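# Notes for the structure review
Chain residues, written in single-letter form:
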Amino acid sequence: MRLSHLSLFIYCSGVAHAEVTVYGLLGSTTVAPFSTRTGTETGTAAPSQTTTYVTSTDPPKFAGLAAYNPVYYLPPPLPDNPPSGVAISLPNSAAKVIDGLSIPQQGTFFGFSIEMSVATQLIGKKPSILNVQFLNLMSIIAQKGGAVHVRVGGNTQEDAYLVDNLADGRVIEKAKDNAIGPTGTPRLAFTSELIDMLAHVSELVNVKWYLGIPFNDTVNFRFEIAELAEDMLGDTLLGFQAGNEPDLYGPHRRRGDNLAYSQWDYFGEFGLLTQAYMTEAKVTKKNNLIAPSTQGNNWADANGQRPLGPDLVWDTGFLDSYGQFLNALSVEHYPSDNCAVIFPTEGNRPKNPIEQMENLLNHQFTAGLVSPYQRSTMLAQQWGKPFLMFETNTASCGGFPGVSDSFVSALWAVDYSLQLAHGNFTGALFHAGGQNVSYNPFTAAPTNESSFHQWTVGPIFYSAVVVAEALGTTNTSQVKDITPNNNTLTPRYAIYENGNLAKLVLLNFMTDPSGAHDVVATVNVGGSQFEEANATPAQVKVKYLLAQSTAEKDNITWAGQTLGGRLEADGRWKGTEVVQTVPCDQATNTCQIRVPAPGVALVFVSDAAQQAAAPQDPAMTFPTTVLTKTANTVSIDPDVLATSNGMSGRDRGQLGGTSQGGKNGALGSKEGVVAGFSSFCIRLLLT
């Protein structure tokens, strides 16, 4: 019998105990036992609880679901000579930037990839029953970045097939008895209501979708998903992936006994796809494919080298042959994997989670993940195509418990996404799976606990908020990595909008809540060294992404607000937004910005950026209008719904909430209001 996550415990042999309890917006939270690393105690009150930290380099063992694992790792030791003050001098005009300025980027850069098999866990049960938490979370990103890009696909899209209906009105159904490959990927049946459900989401929130054409049968391609999506999604459809990680088809036995499946095999199969695509009358847009979506380091060249980028695909003449069919170019990559733990095989030793954590908190490591794609991004620009990191996260095979679900991942995802933007990628989709992975940006409550628990928002979702706000809605944001080459712990980025310096993103990977390892950046804008007038403003605005420690999982805040701890999130902010005003010294043309350890500072420099930084009305939120697995069901009068224009977050006191027992909880509501629909009754679900 699988234990409830409420009774999770660790079996590790080597552990350390923190003697500190920190109280934050969510109450008690974790903090590293700094006395074991620095020789000084932190905190004054006697703790009411302790946190157990794993010190063993072996994979931790725990009972229950990985999404709620109890694993915590000590933050990396502080460096002997930590950077405490940094000088940043930048021209005000983008024209004065000598090199390294990215192509213009959009606020939709940081998106999400949802495994197709868990779409009904995260998005909704069917078109008429949508998850309010998902809508609320997408609304937050859409408000910051203008829209949200979401892919529904992954390994389970490859063998998916359309059926007229499924038992009990389900939208998707797994057939585990037909599982594919060493990862046990189930075949997936779906109905047209899956695509209809996505369309209904887009009527409420500005979400746009990537889907995939099944690629397991290259004799009889199944284009039904493309036909349905073109018809139902309209201009919210972004394109169709054609082949998911084809460089793994051989080792994962997706082509039977052809273990040597190569880039040339994929080239040939893609050609068969385009031939069938051209003759498929029900698919009207013939240039909407996305490829090659390789994972990297799998196919070898003539010298036995295995490049990370898709260079071997380009060398086949892929773009010359198929460029006319392509909407975008794509790759997929995770910086590491935990597959040896999830799928043990002889001789494949599990990776050291502590080492993986230290890698993610090393800016030079992250920069090295992007540099192998330089040729590819240049080709994409030459061909006029977007270049997408179509699926990524901290580590494949579910991530590393205690790392992928800690503040480590939030810091890394900000650094990585901005590094991708700096490297001329045009988007990055961070993957979300089910309950048995630890890297999810958001996780629905377990089905058997959904009547009394909420969702879990992972640290990486906060990264999405930061990046969406950093890149904004002007669609002119150009990113430059301004981190010195020898700097690993305090990355920094400049963002230019409409040709002028608009924002800075400053990170600090160190952990020390005493403040001794906070970094103070002295910023200088313009001046004679750039042949410009002094341009440091009289003041700047700053928003902070903060946690007490890189080990933190629950008590994470963006601009003073949080989405709640594990099993506490309904997708709405808690707390009051705090935007700090920092005065500058225009006489010396400098401004000093403090970056806590650990933390991220988003600095709004230009007048337009500072105006955008002002506290906004809350993002549109959605009430729970029906409950499942309970006798208390609330319905909406279709006539009321048909004439409704919806309600904003300012009216949330009138809305049915999703917290059991709350004063505006859904159980006490008589009716709810949903924006955007006029011809049918849609129910928003608290599962």
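Residues numbered from 1 in each chain as written. Predicted model: local features only at pLDDT ≥ 70, side-chain atom pairs only at ≥ 80, totals over all residues. Heavy atoms only, no water.

## Notes on the side chain of D247
Following the sequence through the fold, D247 ends up in the loop between β14 (237–242) and α6 (263–279). The side chain of D247 sits in the buried core without any salt bridge; R306 is the nearest counter-charge, 8.5 Å away. With sequence-adjacent residues up to four places away left out, D247 is seen in contact with T294, Q295, G296, N298 and W299. (Helix = DSSP H or I, 4+ residues; strand = E, 2+ residues; numbered from the N terminus. Buried < 20%, exposed > 50% of the residue type's maximum accessible area, 1.4 Å probe, protein only. Lys, Arg positive; Asp, Glu negative; His and termini not counted. Salt bridge = Lys/Arg side-chain N within 4 Å of Asp/Glu carboxyl O. Contact = heavy atoms within 4.5 Å.)

## Overview of helix α5 (residues 224–233)
Where α5 is concerned, the buried positions are I225, A226, L228, A229, E230 and L233. Looking one or two residues past α5, G234 carries a phi angle of roughly 60°, positive in sign.

## Points about the confidence of the model for the protein chain
The share of residues in the protein chain with pLDDT of 70 or more is 82%, and the mean pLDDT across the chain is 86. Note on residues 31–48: pLDDT is under 50 here. Beyond four places in sequence and across chains, it has 35 contacts. Scored below 50 in pLDDT, residues 631–682 shows 103 contacts in the model against residues more than four places distant or in partner chains. (pLDDT = per-residue confidence, 0-100.)

## Examining the side chain of R151
Residue position: R151 is located in strand β9 (residues 148–153). By relative accessible area, which is 0% here, R151 ends up buried. Here the side chain of R151 touches S113 through a polar contact of 2.8 Å, side chain to side chain. Among all residues touching R151, those that are not within four sequence positions of it are F112, S113, I114, Q157, Y210, Q241, N244, E332, F390, E391, L429 and H431. (Polar contact = N/O pair within 3.5 Å; in protein donor to acceptor, adjacent residues only side chain to side chain.)

## Focus: the packing of helix α4 (residues 193–204) against α5
To characterise two packed helices, one gives the angle between the axes of the helices and the distance between these axes. Two elements in contact, α4 and α5, have axes whose closest approach is 9 Å; the angle formed by their N-to-C orientations is 30°. Viewed along their axes, α4 and α5 adopt a mutual orientation that is roughly parallel. Considering only the axes of α4 and α5, their crossing is right-handed. Across the interface between the two elements, I195, D196, L198 and A199 of α4 pack against I225, L228, A229, M232 and L233 of α5. (Axes fitted to C-alpha atoms, helices over the stretch in contact; angles between N-to-C directions. Parallel < 35°, antiparallel > 145°, perpendicular 65-115°, else oblique. Left-handed = near helix turned anticlockwise from the far one by under 90°.)

## Remarks on the state of the cysteines
Counted by the stated rule, this structure contains two disulfides. There is a disulfide in this structure between C339 and C397, and the S-S distance comes to 2.0 Å. In this structure, the disulfide formed by C339 and C397 twists by about 85° around the S-S bond and is classed as right-handed. Of this pair, C339 sits in helix α9 (residues 339–342) while C397 sits in the loop between β17 (387–392) and α13 (407–422), and the two are 58 residues apart along the sequence. In this structure C339 comes out as partly exposed when scored by relative accessible area, which is 21%. The disulfide bridge from C584 ends at C591, spanning 2.0 Å between sulfur atoms. Across the S-S bond linking C584 and C591, the dihedral sits near -60°, which makes this disulfide left-handed. Accessibility expressed as a relative area gives 16% for C584, which makes it buried. When the bonded cysteines of the protein chain are counted from the start of the sequence, the pairing works out to 1-2, 3-4. (Disulfide = S-S within 2.5 Å.)

## Some thoughts on the nonpolar core
M138, F442 and I593 are the most contacted members of the largest nonpolar core, which totals 169 residues. With eleven residues, the top contributor of residues to this core is α13. The residues contacting M138, other than those within four sequence positions of it, are F112, V148, V150, V205, V207, F442 and F461. Residues Y210, L238, A328 and F390 belong to the second largest nonpolar core, which totals seven residues. (Core = buried A, V, L, I, M, F, W, Y, C linked by side-chain atoms within 4.5 Å.)

## Considerations on the packing of aromatic side chains
For the structure shown, the criterion picks out 31 aromatic pairs. Taking the centre distance of 4.9 Å and the plane angle of 55° together, the rings of F270 and F318 count as tilted. With a gap of 48 residues between them, F270 in helix α6 and F318 in helix α8 (residues 318–322) connect regions that are remote in the sequence. F318 sits in the buried class, given a relative accessible area of 0%. The ring of Y277 carries K286 above its face, with NZ or CZ at 5.5 Å from the centroid. Above the plane of the ring of Y72 lies K553, whose end atom (NZ or CZ) is 4.8 Å from the centre. (Phe/Tyr/Trp six-rings, centres within 6.5 Å; stacked < 30°, edge-to-face > 60°. Lys NZ or Arg CZ within 6 Å of the ring centre and 35° of its normal.)

## A few points about the pairing of strand β29 (residues 599–604)
For β29, the buried fraction is high: six of the six residues fall into the buried class. Both faces of β29 are covered, namely the face carrying G599, A601 and V603 and the face carrying V600, L602 and F604. Inspection of the sheet shows strand β23 (residues 500–508) paired to β29 by six bridges, in the antiparallel sense. Paired with N508 across the strands is G599, a residue of β29. The sheet contact formed by strand β25 (residues 539–546) and β29 spans six bridges and is antiparallel. Directly across from K543, in β29, lies its bridge partner L602. (Pairing = 2+ DSSP bridges.)

## Focus on the pattern of salt bridges
Inspection of the entire model under this criterion finds 21 salt bridges. Linking R151 and E332 is a salt bridge whose minimum nitrogen-to-oxygen distance equals 3.6 Å. Residue R151 is found in strand β9, and its partner E332 is found in strand β16 (residues 326–332); the two are separated by 181 residues along the sequence. For the pair shown, R151 and E332 are each scored as buried. The closest approach of N and O atoms between R151 and E391, which form a salt bridge, is 2.6 Å. Of this pair, R151 sits in strand β9 while E391 sits in strand β17; the two residues are 240 residues apart in sequence, bridging distant segments of the chain. Across this residue pair, the class does not change: R151 and E391 are buried. Here the residues in one salt-bridge network are K144, E469, K543 and E577, joined through shared partners.

## A closer look at the environment of S549
Take S549: it is sitting in the loop between β25 and β26 (557–558). With a relative accessible area of 0%, S549 lands in the buried category. A sequence separation of 49 residues divides S549 from P598, and the C-alpha atoms of the two residues are 6.3 Å apart. A distance of 2.9 Å separates a polar side-chain atom of S549 from the backbone nitrogen of A551.

## What to know about the sheet that holds strand β28 (residues 591–595)
Ordered by their spatial adjacency, three strands build an open sheet running β5-β24-β28, and the pairing between neighbours is mixed. With partners counted over all chains shown, the strands left at the sheet margins are β5 (85–90) and β28, one partner each. Taken over all neighbouring pairs, the strand axes of this sheet differ in orientation by 25° on average, direction set aside. Taken together, the five bridges between strand β24 (residues 519–525) and β28 define a ladder with antiparallel strand orientation. From the neighbouring strand, A521 faces β28, where its bridge partner is I593.

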